[in-house]
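Close look at the chain arrangement
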Amino acid sequence: MAQPNSGIGNVTTNTALVEMAMAYSRSRVLCAAARLGVADALGDEVRSARFLAETCQADANALYRLLRALASIGVTEETAPEHFRLTPFGQPLRKDAPQSVWPDVIFWADLLADEWSLLTDSIRAGKPAYQLRDPQIPSRWSQVPDASSIFRAVMGTAPAEDYAPIAKAWNFSSAKVLADLGGGGGSLILAVLALNPHLRGMLVDLEPSIDAAKSRFAEEDPSSRCELIVADLTQSVPAGADVYMLKHVLHGRQDEAAIAILKNCRAVTPQDGTLLIVEFILPPLVSHADPQLEGHLMSDLNMLAVTGGKERSEREWKAVLEPAGFILTGVYPVGGDNRMVRNVGIVEAKPARQRR
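What comes next concerns the included structure. (Residues numbered from 1 in each chain as written. Predicted model: local features only at pLDDT ≥ 70, side-chain atom pairs only at ≥ 80, totals over all residues. Heavy atoms only, no water.)

The next thing to look at is the side chain of N302. Relative to the helices and strands, N302 is located in helix α15 (residues 291-306). Within polar-contact distance, the side chain of N302 engages the side chain of W116 at 2.7 Å. Residues contacting N302, with those up to four places away along its chain left out, are W108, L112, W116 and T307. (Helix = DSSP H or I, 4+ residues; strand = E, 2+ residues; numbered from the N terminus. Polar contact = N/O pair within 3.5 Å; in protein donor to acceptor, adjacent residues only side chain to side chain. Contact = heavy atoms within 4.5 Å.)

Pasting the structure below:
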């Protein structure tokens, strides 16, 4: 969607750079709507601004102004003076929508935006925001009671078919047991199992994520071939697989912490086994503007501000794999334009030969 092209207050010429600087306004509008529960209050009905203000426990005039702003970006529609309904575009903001984006909006526009507010300080210090925050000012993560459940709702809970391009990008035909480490809700391993009926699986994650995945695995057919295992990858990795897979796990770690997890993987990977790392793979050079690459590099800064981790180039992946006892043996692009897999790649690594 195009960037807004009218300035807030029209205090300066709206160059492209200024429009970028003001782009947060849409984010904050969506965040306010999600936090107030506007979409849920509207449902499938036309509602008055006054009714919505009572339902959302907001000031009637202020909420009316928010509803008009939402209408200007296509989320709501004003059908009569001070009466609104939710558009099809806005439907996913409802918590009860089949493909609800409510957790995603809160995750990005509220919880992570709080960390991004300290990006300048993170860049000065080379440290994530949580290490730089004034201890007297609590983070949004600590203030929001449902922060952990929102995180789990965003990670790995999309339909399994959305991850099919990853499952097709690497040949699992000779594999016997696949372990998805830090696999969240299990979308990726369900996609792989669906395309490879011979394969058995292990979904490995922390206890809250495994508990959240249990109901899903009780319903989906390929899940009968998958064991759910609670483990902390920083402590150990369960044995029993010949292929181990990490998707968007290591980018959240600094090199030293990533190497520690990789060493735990190496300790259980058979000599003829394989490690697959599914991540963005940065190019060696950024020589021109590139909207797709922009997303990767924004993710890199997101890791800096939020976790202290980083996105890596092929060279940087080699630099963390080799000290852990792996050699990089291939990089496989993932096709498809689904937002869940767009522009990710699979780094394939094999155990290095043990020195005698």
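That shown, we press on.
Here the focus is the nonpolar core. Nonpolar side chains in soluble globular proteins tend to end up buried together. V38, L63, L67 and L70 are the most contacted members of the largest nonpolar core, which has 36 residues in total. The set of elements that each furnish at least two residues to this core consists of α2 (24-36), α3 (38-42), α4 (49-56), α5 (60-72), β3 (83-86), α6 (102-116), α10 (147-154) and α15. The element best represented in this core is α6, accounting for 7 residues. In this view, L67 contacts V38, A49, L52, T76 and F84; residues no more than four positions away in its chain are not counted. (Core = buried A, V, L, I, M, F, W, Y, C linked by side-chain atoms within 4.5 Å. Buried < 20%, exposed > 50% of the residue type's maximum accessible area, 1.4 Å probe, protein only.)

Turning to the pairing of strand β7 (residues 243-247), a few remarks are in order. Counting buried residues in β7 gives 5 out of 5 residues, a clear majority hidden from the surface. Here β7 shows no split at all, with V243, M245 and K247 on one side and Y244 and L246 on the other all buried. Where strand β4 (residues 177-181) lies against β7, 4 bridges are found, and the strand directions are parallel. Among the inter-strand pairings, D180 is bridged to a residue of β7, identified as M245. Following the chain from β7 across helix α14 (residues 255-268) to the adjacent parallel strand β8 (residues 274-282), one finds a crossover that is right-handed. (Pairing = 2+ DSSP bridges. Right-handed = clockwise from strand over helix to strand, strands pointing away.)

Attention shifts here to the sheet that holds β3. Spatially, the 3 strands line up as an open sheet ordered β1-β3-β2, and their pairing is antiparallel. Because the sheet does not close on itself, it has two edges, and the strands there are β1 (47-48) and β2 (76-80). As paired elements, β2 and β3 share 4 bridges and run antiparallel to each other. Bridged to E77 within β3 is R85. Where α5 meets the sheet, it contacts β2 and β3, and its direction lies at approximately 110° from that of β2. (Axes fitted to C-alpha atoms, helices over the stretch in contact; angles between N-to-C directions.)

On to the pattern of salt bridges, then. A side chain of one charge can pair with a side chain of the opposite charge if their charged atoms are brought near each other. Taken as a whole and judged by the stated rule, the model has 11 salt bridges. With its nearest N and O atoms 3.4 Å apart, the salt bridge here joins D211 to K214. Separated by 3 residues within a single helix, D211 and K214 lie in helix α13 (residues 207-217), roughly one turn from each other. According to the relative accessible area criterion, K214 is partly exposed, its value standing at 46%. Several salt bridges converge on common partners, so that one network encompasses D255, K310, R312 and E316. (Salt bridge = Lys/Arg side-chain N within 4 Å of Asp/Glu carboxyl O.)

Among the structural elements, G252 can be located in the loop between β7 and α14. A C-alpha to C-alpha distance of 5.9 Å links G252 and M303, two positions 51 residues apart in sequence.

A few words on the packing of aromatic side chains. Under the defined criterion, the tally for this structure stands at 5 aromatic pairs. Both rings, one in W170 and one in F172, keep their centres 4.9 Å apart while their planes meet at 75°; by these two values the pair is edge-to-face. Across this residue pair, the class does not change: W170 and F172 are buried. Through a chain of ring-to-ring contacts, three or more aromatic side chains come together here, namely F107, W108, W141 and F151. (Phe/Tyr/Trp six-rings, centres within 6.5 Å; stacked < 30°, edge-to-face > 60°.)

Moving on: the pairing of strand β11 (residues 344-351). Along a regular strand, successive side chains alternate from one face of the sheet to the other. Of all 8 residues that make up β11, 7 are buried, and the element is covered over most of its length. Note that β8 and β11 share 6 bridges and pair antiparallel. Following the sheet pairing, L276 is matched in β11 by E348. Taken together, the 7 bridges between strand β10 (residues 326-333) and β11 define a ladder with antiparallel strand orientation.

Axis separation between α4 and α5 bottoms out at 9 Å; the angle between their running directions is 110°. If you check the angle between α4 and α5, you find them roughly perpendicular. Within the contact between the two elements, α4 uses A49, R50, L52 and A53 and α5 uses A60, L63, Y64 and L67. (Parallel < 35°, antiparallel > 145°, perpendicular 65-115°, else oblique.)

Now for helix α16 (residues 314-321). Of the residues making up α16, those classed as buried are E316, W317, V320 and L321. Projected down its long axis, α16 shows its buried positions confined to an angular sector of 135°, all on one face. Considering only its buried residues, α16 is in contact with α14, β8, β9 (312-313), β10 and β11. (Arc of directions from axis to C-beta.)

Tallying each qualifying case throughout the model produces 0 disulfides. There is no disulfide at C31, and the cysteine sulfur nearest it, in C56, is 14 Å away. Given a relative accessible area of 4%, C31 falls into the buried group. C265 forms no disulfide, and the closest cysteine sulfur to it belongs to C226, at a distance of 16 Å. A relative accessible area of 0% means that C265 is categorised as buried. (Disulfide = S-S within 2.5 Å.)

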